[in-house]
Protein chains: 2
Amino acid sequence: MSISTPRGSEEGLHEILRVAAHCFMERGYAETSIDDVARRLGSTKGRIYHFFASKADLFFAVAEEGMDRNFAAIGPYLDAAGRAMDRLKSMALAHTMSMIENRAYQRSVWEGVAIHLRGATTPEQRDRLAALIAYRDSYSDRFRAALKAAKEEGDLQFKDAGIALQLMFLALNSPIFWYSPRHGETVEDRLNLAQQCVEFALRGLGAPAAMAGMTM
Amino acid sequence: MSISTPRGSEEGLHEILRVAAHCFMERGYAETSIDDVARRLGSTKGRIYHFFASKADLFFAVAEEGMDRNFAAIGPYLDAAGRAMDRLKSMALAHTMSMIENRAYQRSVWEGVAIHLRGATTPEQRDRLAALIAYRDSYSDRFRAALKAAKEEGDLQFKDAGIALQLMFLALNSPIFWYSPRHGETVEDRLNLAQQCVEFALRGLGAPAAMAGMTM
DNA sequence: CTTGACAACATACCGAGTAGTATGTCCTAC
DNA sequence: GTAGGACATACTACTCGGTATGTTGTCAAG
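Residues numbered from 1 in each chain as written. Chains lettered and ligands numbered in written order. Predicted model: local features only at pLDDT ≥ 70, side-chain atom pairs only at ≥ 80, totals over all residues. Heavy atoms only, no water.

A.B. asks: Any chance you could explain the packing of aromatic side chains here in plain terms?
C.D. replies: The relative placement of two aromatic rings is captured by the distance of their centres and the angle of their planes. One pass over the full model with this rule turns up 23 aromatic pairs over all chains. Ring centres of Tyr139(A) and Phe143(A) lie 5.5 Å apart, and the angle between their planes is 55 degrees; on these two criteria the pair is classed as tilted. In this pair, Tyr139(A) and Phe143(A) both sit in helix 7 (residues 123–152), four residues apart, roughly one turn of the helix. You'll find Tyr139(A) and Phe143(A) in the same group, each marked buried. Ring pairs connect the aromatic residues Phe71(A), Tyr135(A), Tyr139(A), Phe143(A) and Phe169(A), which therefore count as one cluster. The ring of Tyr29(B) has Lys55(B) sitting right over it, with the charged end atom 4.5 Å from the ring centre. Positioned above the aromatic ring of Phe158(B) is the side chain of Lys151(B), whose terminal nitrogen or guanidinium carbon lies 4.5 Å from the ring centre. (Phe/Tyr/Trp six-rings, centres within 6.5 Å; stacked < 30°, edge-to-face > 60°. Helix = DSSP H or I, 4+ residues; strand = E, 2+ residues; numbered from the N terminus. Buried < 20%, exposed > 50% of the residue type's maximum accessible area, 1.4 Å probe, protein only. Lys NZ or Arg CZ within 6 Å of the ring centre and 35° of its normal.)

A.B. asks: Would you take a moment to explain the relation of the copies chain A and chain B for this structure?
C.D. replies: Here the two chain copies are tied together by a rotation about an axis and a shift along that axis. You can overlay chain A on chain B at an RMSD of 0.1 Å; the transform is a turn of 180 degrees with a shift of 0.0 Å along its axis. Such a combination of turn and shift is consistent with a two-fold rotation axis. Among all C-alpha atoms of chain A, that of Gly204(A) lies closest to the rotation axis, at 2.0 Å. When you check the interface residues of chain A against chain B, 97% turn up at the interface there too, and the contact is symmetric in its surfaces. (Least-squares fit on C-alpha atoms with pLDDT ≥ 70 in both. Contact = heavy atoms within 4.5 Å.)

A.B. asks: In this structure, what is going on with the interface of chain A and chain B? I would like to understand it.
C.D. replies: The extent of an interface is frequently quoted as the accessible surface area lost upon association of the parts. On the side of chain B, 32 residues touch chain A, which itself brings 33 residues to the contact. Contact between chain A and chain B buries roughly 2,900 Å² in total, counting both sides, with carbon and sulfur atoms accounting for 65%. On inspection of chain A and its partner chain B, the count reaches one salt bridge. Two residues, Glu31(A) and Arg118(B), come together in a salt bridge whose shortest N-O distance is 3.5 Å. On inspection of chain A and its partner chain B, the count reaches 10 residue pairs in polar contact (both at pLDDT 80 or more). For the side of chain A that touches chain B, the secondary-structure elements that each account for two or more residues are helix 1 (9–27), helix 6 (103–118), helix 8 (161–173), helix 9 (175–178) and helix 10 (187–204) of chain A. For the side of chain A that touches chain B, the leading source of residues is helix 10 of chain A, giving eight residues. Residue composition of the side of chain A that touches chain B, grouped by class: 18 nonpolar, eight polar and seven charged. (Buried area = accessible area lost by both parts, 1.4 Å probe. Salt bridge = Lys/Arg side-chain N within 4 Å of Asp/Glu carboxyl O. Polar contact = N/O pair within 3.5 Å; in protein donor to acceptor, adjacent residues only side chain to side chain. Nonpolar A, V, L, I, M, F, W, Y, C, P; charged D, E, K, R; others polar.)

A.B. asks: Explain the domain arrangement of chain A here, please?
C.D. replies: Residues and elements named next belong to chain A. Domain parsing of chain A yields domain 1 (1–52) and domain 2 (54–212). Between the C-alpha centres of domain 1 and domain 2 the distance comes to 27 Å. Contact residues are listed per partner, giving 17 residues for domain 1 and 16 residues for domain 2. Summing the contributions of domain 1 and of domain 2, the shared interface buries around 1,500 Å²; its carbon and sulfur component is 72%. Counting every contact that joins domain 1 to domain 2 gives zero salt bridges. At the junction of domain 1 and domain 2, the tally comes to five residue pairs in polar contact (both at pLDDT 80 or more). Contributions of two or more residues to the side of domain 1 that touches domain 2 are made by helix 1 and helix 3 (45–51). Here the element with the most residues in the side of domain 1 that touches domain 2 is helix 1; it accounts for nine residues. For the side of domain 1 that touches domain 2, the per-class residue count stands at 12 nonpolar, four polar and one charged. (Domains from an automatic or database assignment.)

A.B. asks: Which parts of the structure should I look at to understand the UniProt feature "DNA-binding region" (unreviewed entry) in chain A?
C.D. replies: What UniProt calls "DNA-binding region" (unreviewed entry) maps, in this numbering, to residues 33–52 of chain A. The distance from the first to the last C-alpha atom of residues 33–52 of chain A is 14 Å, and the span holds 75% helix and 0% strand. (UniProt positions renumbered as here; feature names shortened; annotations may be inferred.)

A.B. asks: What is the right way to look at the side chain of Glu185(A) in this model?
C.D. replies: All names here are of chain A. Along the chain, the position of Glu-185 falls in the loop between helix 9 and helix 10. Of the polar contacts made by the side chain of Glu-185, one reaches the side chain of Tyr-179; its length is 2.6 Å. Setting aside anything within four residues of it in sequence, one finds Glu-185 in contact with Tyr-179 and Arg-190.

A.B. asks: What's the story with the pattern of salt bridges in this structure? I'm lost.
C.D. replies: Residue and element names in this part refer to chain B. Evaluation of the coordinates by the stated rule reveals 25 salt bridges over all chains. Residue Arg-40 pairs with Glu-26 through a salt bridge whose shortest N-O separation is 3.1 Å. Separated by 14 residues along the polypeptide, Arg-40 in helix 2 (residues 34–41) and Glu-26 in helix 1 (residues 9–27) bring together distant segments of the chain. Classification of Arg-40 as partly exposed rests on a relative accessible area of 43%. For Glu-26, a relative accessible area of 34% gives the class partly exposed. For the salt bridge of Lys-45 with Asp-35, the shortest nitrogen-to-oxygen distance reads 3.9 Å. Of this pair, Lys-45 sits in helix 3 (residues 45–51) while Asp-35 sits in helix 2; the two residues are 10 residues apart in sequence, bridging distant segments of the chain.

A.B. asks: So what exactly am I meant to see when it comes to the nonpolar core here?
C.D. replies: With 146 residues, the main nonpolar core has Met168(A) and Met168(B) as its most contacted residues. What Met168(B) contacts, discounting residues up to four positions off in sequence, is Phe200(A), Leu88(B), Phe143(B), Leu147(B), Ala201(B) and Leu205(B). (Core = buried A, V, L, I, M, F, W, Y, C linked by side-chain atoms within 4.5 Å.)

A.B. asks: What is the right way to look at the packing of helix 4 (residues 55–74) of chain B against helix 6 (residues 103–118) of chain B in this model?
C.D. replies: Residue and element names in this part refer to chain B. At a minimum axis distance of 8 Å, the contact between helix 4 and helix 6 shows a crossing angle of 115 degrees. Of the two possible hands of crossing, helix 4 and helix 6 adopt the one that is left-handed. Between helix 4, through Phe-59, Val-62, Ala-63, Glu-65, Gly-66, Met-67, Arg-69 and Asn-70, and helix 6, the contact on the second element is made entirely by Tyr-105, Gln-106, Ser-108, Val-109, Glu-111, Gly-112 and Ile-115. Looking at the contact of helix 4 with helix 6 residue by residue, the class counts come to seven nonpolar, five polar and three charged. (Axes fitted to C-alpha atoms, helices over the stretch in contact; angles between N-to-C directions. Left-handed = near helix turned anticlockwise from the far one by under 90°.)

Structure, rendered in structure tokens:
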């Protein structure tokens, strides 16, 4: 019997991802050192560098995990029949819930996009980042399509589709900036927060109050 | 006649602030080195440390300059007579224009708030940051009051005032994330962008479409 | 016209930390 | 019992914030 916890390689890797996500969320990418993550893990750098080629590699893995969870969250609603507006609303709610419940990962996604906009450093990292951005673009395209469809069905009205998409996402993403879990909080509490974000976003996009609300 | 440009101390200080704001915007606080700023200035660290006690001191000065400009922007509308909704709309538009036109400084404000939420490092910096946050809170209180008044006059409807404020500010602040100046752009173009943000925010807060729009 | 005091920087350097590596060690599966 | 996966330990090379000191232009007093 050893003192250190025995781990399967799969589980060990995901534990690193989880802890890294928390560190990146709390201090940001640049200000988080590999030793910080290792300390939080109760281990040393060796363990991290055994699984990840570099600090950037670890960071991208965290961000990609976040995007994976987003896709998983909205997946069930992508091909829902019925009015585009209802589909959009379901997607938006699932997305916002993912923001709340995977907050740590989502902040890395956010920071990754920000780093990309600044222009990454090495060409290798640039490619990896570009892939993350492409992944994220294909995600936002799902919303763009739903947005366009809802507008054509007369349920939304806005001028510039690009700006509308930006504004909508920022409203839906906003919990990653201000949300923090309260003691004794339930899923309903989180749903309530998410619904307020979705209602704000849909009304902002010009949805009739009756459709933007959550009385379904 | 000397090779180096002669500068009054006032002008030199503001040039440092301007260049530092650009560096912080492009690479973020942590990833910007003092030498980066100095290089961009065409000088050395000595010049910066002559005016600012530390890197953090420089950063806070940039952020405070940003907040100063925000206060200056909304000042003319704070005590406007008439409906609260109209006052709120004017303030929101002025605020958003300030976001666009002082984008570099505003990103430092944003990052400063983010750093504060993570918990600052040294107690000295903590105080300075707390002052910045207090400055910013007193700013947002102006909007909170206008929001409350407009709701009481029946022009807005939302559940949680805190969340409503967060969502509104995020929509109005959003240009600092996605805006970048286009070649040959005019003030009208920027006003158009700002108006879309304001309309989105006000509609999101439950304003009637007729009041949220910009046909005044 | 000289002098010296001061502001406004530049130059050279130090100490602390950081990413990454090379190597060692334990433990398990076969 | 031995090969390899999963780490730990001990380094190296380098960057960055900050400081101590040097240099130059300016301007006022004598």
